Amino acid sequence: MIENRNRGPRSFDGPREMHKATCSDCGNECEVPFQPAEGRPVYCRDCLPKHRKPRDNRF
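Notes on the structure in this doc start here. Source: prediction; values computed, not measured.

Calculation rules
Residues numbered from 1 in each chain as written. Predicted model: local features only at pLDDT ≥ 70, side-chain atom pairs only at ≥ 80, totals over all residues. Heavy atoms only, no water. Helix = DSSP H or I, 4+ residues; strand = E, 2+ residues; numbered from the N terminus. Buried < 20%, exposed > 50% of the residue type's maximum accessible area, 1.4 Å probe, protein only. Contact = heavy atoms within 4.5 Å. Areas by Shrake-Rupley, 256 points an atom, 1.4 Å probe, with all protein chains shown as cover. 1 Å grid on protein atoms, 1.4 Å probe; cavity = no way out; pocket = protein on both sides within 12 Å on 5 of 7 lines; lining within 4 Å. Points joined across faces, edges and corners; volume = space filled by probe spheres on them. Nonpolar A, V, L, I, M, F, W, Y, C, P; charged D, E, K, R; others polar. Pairing = 2+ DSSP bridges.

Observations regarding the overall build of the protein chain
- The number of helices and strands found in the protein chain is one helix and four strands.
- In the protein chain, the succession of helices and strands from N to C terminus is β-β-β-β-α.
- In the protein chain, which comprises 59 residues, the share counted as buried stands at 15%.
- The long-range fraction of contacts in the protein chain, counting pairs at least 24 apart against all pairs at least 6 apart in sequence, stands at 5%.
- For the protein chain, the exposed area adds up to about 6000 Å²; of that, 45% sits on carbon and sulfur atoms.

Below, the structure is given as structure tokens:
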């Protein structure tokens, strides 16, 4: 297992476990790499960029 300073221990020994979810924006079924929590929105790959905060360009 590899230690990542920001995220704690994480294994890189294979594919991530994906979970089925329904996009809160478009309603399409999608898969996400985390267990969706009840009451929290989940967005598909197409809708996620519309809901992300813009990144600061520090450099």
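Considering the layout of surface pockets
- By volume, the largest pocket is sized at about 480 Å³.
- Lining the largest pocket we find 16 residues, and of these Val32, Pro33, Phe34, Tyr43 and Leu48 sit closest to its centre.
- Looking at the lining of the largest pocket, its residues break down into 11 nonpolar, one polar and four charged.

Comments concerning the pairing of strand S3 (residues 19-22)
- Alternating positions in S3 separate cleanly, His19 and Ala21 being buried on one face and Lys20 and Thr22 remaining unburied on the opposite face.
- Bridge count between S3 and strand S4 (residues 29-32): four bridges; the pairing is antiparallel. Following the sheet pairing, His19 is matched in S4 by Val32.
- Connecting the antiparallel pair S3 and S4 is a turn made up of six residues, with Gly27 showing a positive phi of about 85°.

A closer look at the environment of Lys50
- Structurally, Lys50 can be placed in helix H1 (residues 48-51).
- For Lys50, a relative accessible area of 60% gives the class exposed.
- Taking the C-alpha atoms as reference, Lys50 lies 9.6 Å from Asp25; in sequence the two are 25 residues apart.

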